[in-house]
Structures are given as C-alpha cells and as structure tokens.
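Residue-level structure breakdown
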Amino acid sequence: MSAISNFPAAHRHHAAPVGVSGAGKFGFRSAVASVPFQDDIFRRSQSSLSHSRKAAKYPSVQMALVDERVARGRNLAKPSRILAYDLVQGPLVRWSSIADKSIPDPPTAVLVHGILGSRKNWGTFARRLAQAFPTWQFLSVDLRCHGDSASISKRGPHTVAAAALDVLKLVAQLRITPRVLVGHSFGGKVVLSMVEQAAKPLARPVRVWVLDATPGKVRPGGDGEDHPEELISVLSKMPNEVFSKRDVMNALIKEGFSKDVAQWVVTNLQQTSSPGSSSPSFSWVFDLKGIAEMYQSYEETNLWNIVEDVPRGVHVNFLKAERSLHRWALEDLQRIHAAEDLAADEGGGVEMHVLEDAGHWVHADNPDGLFRILSSSFQGIKT
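What comes next concerns the included structure.

Conventions adopted
Residues numbered from 1 in each chain as written. Predicted model: local features only at pLDDT ≥ 70, side-chain atom pairs only at ≥ 80, totals over all residues. Heavy atoms only, no water. Helix = DSSP H or I, 4+ residues; strand = E, 2+ residues; numbered from the N terminus. Areas by Shrake-Rupley, 256 points an atom, 1.4 Å probe, with all protein chains shown as cover. Core = buried A, V, L, I, M, F, W, Y, C linked by side-chain atoms within 4.5 Å. Buried < 20%, exposed > 50% of the residue type's maximum accessible area, 1.4 Å probe, protein only. Contact = heavy atoms within 4.5 Å. Arc of directions from axis to C-beta. Pairing = 2+ DSSP bridges. Expected span 1.5 Å × (residues − 1). Polar contact = N/O pair within 3.5 Å; in protein donor to acceptor, adjacent residues only side chain to side chain. Phe/Tyr/Trp six-rings, centres within 6.5 Å; stacked < 30°, edge-to-face > 60°.

1. Notes on the overall build of the protein chain
- For the protein chain, the helix and strand inventory stands at eleven helices and 13 strands.
- Working note: accessible area of the protein chain is about 15800 Å², and carbon and sulfur atoms make up 49% of it.

If you want it as structure tokens, here you go:
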C-alpha cells in the first residue's frame, strides 16, 4: 500500500494538525453553482509512507487523533494549489495522474472530513480500506480553510457548495473519476453538493455516503452536547498565538466543552517557536473566519432536492449514529424512507443505515461497524 501526499515539505507545519472528524459531537450544509471543470495537469505529489499513533488518554477519539508522519518519496509532479490531499493506494494499484492516459484510473473513493477537522481524521481508516480492497485508492482532502489547505488562498464566500466545487476541481485535475463519496457531518453535505453540481467528474454508478448528517435543517444538540457555533465563537476570542496547549484546554473546559473536544481542538495548534525553546508558542492552523462562514452555510443550506429527486445511477446512503438521536427528527427519517421508494422507481437509490454503539464520531466510536457497512460499496462495484 502506498500513500501520496501533495503538500510540499516547505509548506508543511512543524506539527501536522490532526483532529476528530467533524466538530466533535457536532452535526454540520450549501449554496450551489454549476461550474465547468478543467482537466488541468496536476502539478506535484510525493510518494510517502505513513503510520499513526493512537491517542491513549481519550479512547473515545483514539482513531481520529492520529499522528501522521509522512516520509518523503520521489517527486511525481508539482503540488496542487486547489486543496491539500493524501492519496492512499491499495497494494495492487500501479497508477499515477501523470501516467499513460490510456491506462484507466483505478476505482477511487473520496473521504471528506467535518467542520474544524482535517484529512488526517481519515488516515487510519483509509489505510484499512486500502488493505482490504487492494485495487482501490482513497483520496482524503483538507477542505478550504482547514488543515494544510488553510494556507491556499481561496475566494469567498466560503460555503459548502464552494468546498464541494474545490473537491470536484481537484479530482478533475488529478484525472480520477470517483466511484464512492464518503462525507462525515459537514462533509456529508459536501458530497451531496458534489452530486448536485456536476455529473461529468462522477462515475455512474456512484455511491454517496452521508455519515450522521441530514440534508436539511441542522438539529441542535442537547444540553450535554458540544455546540459547534459556540465553539467557533469561543475560539474566535482567543489570541492567534498562545503559549500553552493545556491553558487552552482548561479554558475550553471552563466554557463548558467536554474534555474530548478540548483535547481535539488543541491538535489544531502548531508550534511556532523553535523546538526546545524555553518559551514555546503555538498558533492555530485553520482559518477560523472562513470556517465560521462555512458553518453558517451549513446551517442555511437545504439539499433535500438531491435526495428526493436522486439522479439516475446515484445511490445515496445515510448513516445514522445510534447515539446521535437529537440529529434525526422523525420528519427526517420519514422523508428519507419515502425517498427510498421513489428512488427505486426512478433508477437511483436511497438507503438508510444505523451504526450501533456509536455517537457522532462514527469512525472513532465504532470503526469496525462502520467498516462493515461501507464495505458493501467496494465489494459491489467491479474493479
């Protein structure tokens, strides 16, 4: 299994940002524009090997809090200035975007994180999928304003639709045709927006997975939940440079956020002082103002039209986390079940799944169960 990372060493952070997919126990949405896709030549990527280190102190988020260390390999092309990404290839894949165009690209799955997350959230899970399905490759991205993509200048407004268009431009540039789209929370609406905005870069059939998110109204969390809008507001009042991760954690806990969320948030801090300095300092890796716009877009966007009039050859799968009951109103479930029957008659597909023993952090809370459910998409498409 090989992994390709497009972000050049000169632009990498000293400490790569990692975090829980999505904003902790948050449910995260889009405005839409149709834009032609240019088949640009992609510029540079690095072959790389990586490994992960699980977070032992907070077991509920251990799969998502990974320390990705990327070893530099041979340069294949120049870096993309669309989004930072990793491409994890199964051991039987022998393909690159600069190879002979007559060689068909392998089946590809795109993995999209949630608000305040990064592509590292999917690192461990992507490698597991690549080992199990060796002819597939798995593309994970840092959405605009997040992770390494925060340093790539993007024109606003920062919306779910804009984030989806970024991913569509990237897959066109890389000359790949996704067969499976997987989005968690905010990322779930990103993949729905990808289907809405473009047909040509997407294969038929294409399977879409929306993990613990609904197409329409965002349901507020209960009293015991961490609220994304409040978290973004609190973070916006903190200084850009801080001198102690522990102080930031304590401040967030004092504001009422859980220890797990506080632990996850500080993984978005990178050290700005010299290693070994007697006075360490840290700065945030994300563009919080842009992320606030993206979350507002998530709150305002309604994508039920894609679900209730699903295009032919598209199969939309919703996965509801068993313990995220507040995200799923009875009305949402009834509309999805009604769409299941309608889509079957129209040549598309809509299906509802439930992931047992899991909260909103689905690939951290029950990775084995999630793996079993998602595996049907990779077994059901011929490679």
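Anyway, onward from the coordinates.
2. Some remarks on the nonpolar core
- L139, L235 and L252 are the most contacted members of the largest nonpolar core, which totals 77 residues.
- Among the elements that take part in this core, helix 2 (residues 160-174) stands out by supplying eight residues, more than any other.
- Aside from chain neighbours lying at most four places away, what touches L139 is Y85, D86, L87, T108, A109, V110, L111, L170, V171, L174 and I176.
- Among the nonpolar cores identified, the runner-up in size contains 26 residues, and V182, F371, L374 and F378 belong to it.

3. Focus on helix 4 (residues 228-236)
- For helix 4, every residue scored as buried is listed here: P228, L231, I232, V234 and L235. One face of helix 4 carries all of its buried residues, which in axial projection span an arc of 165°.
- On its buried face, helix 4 sits against helix 5 (245-254), helix 6 (259-265), strand 11 (282-284) and helix 7 (288-300).

4. Here we look at the sheet that holds strand 11
- Pairing in this open sheet of three strands is antiparallel, and the strands run 9-11-10 from one edge to the other. Single-partner strands in this sheet number two, and they are strand 9 (241-242) and strand 10 (269-271).
- Relative to strand 11, strand 9 is paired through two bridges, and the arrangement is antiparallel. Across the sheet, residue E241 finds its bridge partner in strand 11, namely S283.

5. Here we look at helix 7
- Taking 1.5 Å per residue as the helical rise, helix 7 with its 13 residues ought to reach 18 Å, and the 18 Å between its terminal C-alpha atoms agrees with that figure.
- Taken together, the buried positions of helix 7 are occupied by L288, G290, I291, M294, Y295, S297 and Y298. One side of helix 7 carries all its buried residues, which in axial view fall inside an arc of 170°. Residues of helix 7 that are exposed and angled more than 90 degrees away from the buried face: K289 and E300.
- Against the buried residues of helix 7 lie helix 2, helix 3 (186-197) and helix 4.
- Between a side-chain oxygen at the N-terminus of helix 7 and the backbone nitrogen of K289 the separation is 3.3 Å; the capping residue is D287.

6. Side note on the packing of aromatic side chains
- Enumeration over the complete set of coordinates arrives at ten aromatic pairs.
- Taking 5.2 Å as the distance between ring centres and 45° as the angle between the ring planes, the aromatic pair formed by F133 and F378 counts as tilted. Remark: F378 occurs in helix 11 (residues 367-379) and F133 occurs in the loop between helix 1 (123-132) and strand 6 (137-141); sequence separation between them is 245 residues.
- Note on F133: relative accessible area 11%, which makes it buried.
- F378 gets classed as buried once you look at its relative accessible area, which sits at 5%.
- Ring geometry for W136 and F138: centres 6.4 Å apart, planes at 25°, overall stacked.
- Look at W136 and you get buried, because its relative accessible area is 1%.
- Taken together, the aromatic side chains of W122, F125, F133, W136, F138, F371 and F378 make up a single cluster linked through ring pairs.

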